[in-house]
Amino acid sequence: LGSSLWVPKSGRALMIPIYKSTYERGDDLTSDYPNETAKWRDHVIMWGKDFRRSVDCLETRDDIDHDRLAFQGVSWGAAMAPMMLAIEPRIKAGIVVVAGFLFQPAMPEVDQLPYITRVDIPILMLNGKYDFFFPYETSQLPYFDMLGTPPELKRLVIDESSHSFPNTDRARESIAWLDQHLGPVR
């Protein structure tokens, strides 16, 4: 949460879904690496439902502008972003931090590749050039290039770091992105 404090400080609301298998909702899923099991597939489907229910919840609130919802995913959340954003049309802009393709195979219905080309909203991608988990040439660039978002609506910012992105730069880039694509905070 600490690296997302810029969100409420900028005047925006922040919702953090507690997905199946995370935090107090832990279960017998022991890894966040994809695999070709029905168990992984079923969890990805549950995460999609959790995400959509979170957006449903936002729509019940009078203090939320339902037409200006954004997604932010970091690391695992950024890796899951193609699936989440492809199934949720109410999200109007996205920010993915330390994002890239996962190298582990998954069942086709929950693989990143069929979904990433369906993501067509404005996307800001903030990555470290020396990321050991999502290598720049083989994971980050293909992820960015394959996004279905038109080139003029996507931006890749690379920092001279590893599997991280500096918080101050992240806040500055993210606020500017959201102001540009969703309008400034009212």
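The structure this text deals with has already been given above.
All residue numbers here refer to positions counted from 1 along the written sequence of the relevant chain. Local features in this predicted model are restricted to residues of pLDDT 70 or higher, and side-chain atom pairs are both shown and tallied only at a pLDDT of 80 or more, whereas totals for entire chains, interfaces and linings draw on every residue. Based on all heavy atoms of the structure, the side-chain values leave hydrogens and waters out of the count.

Chemist: Please provide a residue-by-residue account of the sheet that holds strand β2 (residues 91-97), values included.
Modeler: Sheets are built from strands paired through backbone hydrogen bonds, the pairs being either parallel or antiparallel. Two strands make a pair as long as DSSP finds a minimum of two bridges between them. Every helix listed is a DSSP run of H or I at least four residues long, and every strand listed is a run of E at least two residues long, numbered separately from the N terminus. Pairing in this open sheet of four strands is parallel, and the strands run β1-β2-β3-β4 from one edge to the other. With partners counted over all chains shown, the strands left at the sheet margins are β1 (69-74) and β4 (154-159), one partner each. Going across the sheet, the axis of each strand differs from the next one's by a mean of 15°, ignoring polarity. With six bridges connecting them, β1 and β2 associate as parallel partners. Pairing of Gln72 across the sheet is with Ile95, part of β2. Whether two residues touch is decided by their heavy atoms; if any such pair falls within 4.5 Å, the residues are in contact. Here the axes come from fitting lines to C-alpha atoms, over the contacting stretch only for helices, and the angles between their N-to-C directions go from 0 to 180 degrees. Across the face of the sheet, helix α3 (residues 76-87) comes into contact with β1, β2 and β3 (123-128) while running at roughly 140° to β1.

Chemist: Explain unusual backbone geometry residue by residue, including any values.
Modeler: One non-glycine residue, Tyr23, lies in the positive phi region at around 50°. With relative accessibility at 68%, the residue Tyr23 sits in the exposed group. Its identity as a non-glycine residue notwithstanding, Val98 has a phi of 45°, on the positive side. As for its position among the elements, Val98 is in the loop between β2 and α4 (112-116). The buried label applies to any residue whose accessible area, calculated with a 1.4 Å probe on protein chains only, is under 20% of its type's maximum; exposed applies above 50%, and partly exposed to all values in between. Here Val98 falls in the buried class, since its relative accessible area comes to 2%.

Chemist: Explain the packing of aromatic side chains to me, and be specific about the residues and the numbers.
Modeler: Each aromatic pair joins two rings of Phe, Tyr and Trp (for Trp, the six-membered one) with centres within 6.5 Å, and gets the label stacked for planes under 30 degrees apart, edge-to-face for over 60, and tilted for any other angle. Tallied over the entire structure, the rule returns seven aromatic pairs. Ring geometry for Trp47 against Trp76: centres 4.9 Å apart, planes inclined by 90°, an arrangement best described as edge-to-face. Of the two residues, Trp47 is situated in helix α2 (residues 38-59) and Trp76 in helix α3; the sequence distance between them amounts to 29 residues. Classification of Trp47 by relative accessible area gives buried; the value is 3%. Every member of this aromatic cluster is reached through a ring pair, and the members are Tyr19, Trp40, Trp47 and Trp76.

Chemist: Now, about the nonpolar core: what can you tell me, with residues and values included?
Modeler: As used here, the term nonpolar core means buried Ala, Val, Leu, Ile, Met, Phe, Trp, Tyr and Cys residues forming a set that is joined through side-chain atoms within 4.5 Å. Grouped together as the largest cluster of nonpolar side chains are 36 residues, with contacts concentrated most on Trp40, Trp47, Leu85, Ile91, Val96 and Tyr143. Sorting the residues of this core by element identifies α2, β1, α3, β2, α4, β3 and α5 (136-146) as the ones contributing at least two each. Here this core gets eight residues from one element, more than from any other, and that element is α3. The residues touching Tyr143, leaving out its near neighbours within four places in the chain, are Ala78, Ala81, Pro82, Val96, Ala99, Gly100, Phe101, Gln112, Ile116 and Met125. In terms of nonpolar packing, the next biggest core, distinct from the first, is built from 14 residues, Ala93, Leu124, Phe165 and Ala171 among them.

Chemist: Go over the pattern of salt bridges with me, naming the residues and quoting the values.
Modeler: In what follows, salt bridge is the name for a side-chain nitrogen of Lys or Arg lying within 4 Å of a carboxyl oxygen of Asp or Glu. Taken as a whole and assessed by the stated rule, the structure comprises 17 salt bridges. Here Arg25 and Asp50 are joined by a salt bridge, their closest N and O atoms 3.0 Å apart. Linking Arg25 in the loop between α1 (6-9) and α2 with Asp50 in helix α2, this pair joins segments that are 25 residues apart in sequence. By relative accessible area, Asp50 is classed as buried at 10%.

Chemist: Can you explain empty space enclosed by the protein? Please cite residues and give values.
Modeler: Within this scheme a cavity is a closed region of a 1 Å grid, computed over the protein atoms alone, that accommodates a 1.4 Å probe without allowing it to escape, whereas a pocket is open but has protein on both sides within 12 Å along at least five of seven lines; lining residues each have an atom within 4 Å of a point. Grid points are joined across faces, edges and corners, and a volume is the space filled by probe spheres set on the points. Going through the model one piece at a time under the given rule, you end up with one cavity of 30 Å³ or more. The computed volume of the largest cavity comes to approximately 30 Å³. Forming the boundary of the largest cavity are Ala81, Pro82, Leu85, Val96, Val119, Ile123, Tyr143 and Leu147. When residues of the lining of the largest cavity are assigned to their parent elements, the largest contribution, three residues, is made by α3. Three categories are distinguished: nonpolar for Ala, Val, Leu, Ile, Met, Phe, Trp, Tyr, Cys and Pro, charged for Asp, Glu, Lys and Arg, and polar for the others, with Gly belonging to the last. When its residues are assigned to classes, the lining of the largest cavity shows eight nonpolar, no polar and no charged.

Chemist: Run through the layout of surface pockets, naming residues and quoting values.
Modeler: Its boundaries defined by the atoms lining it, the largest pocket holds a volume of some 1,400 Å³. If you go around the largest pocket, you meet 49 residues; those closest to its centre are Leu14, Met15, Ile16, Ala70 and Gln72. Counting only elements with at least two residues in the lining of the largest pocket, the list comes to α1, α2, β1, α3, β2 and α6 (167-182). The leading source of residues in the lining of the largest pocket is β1, at six residues.

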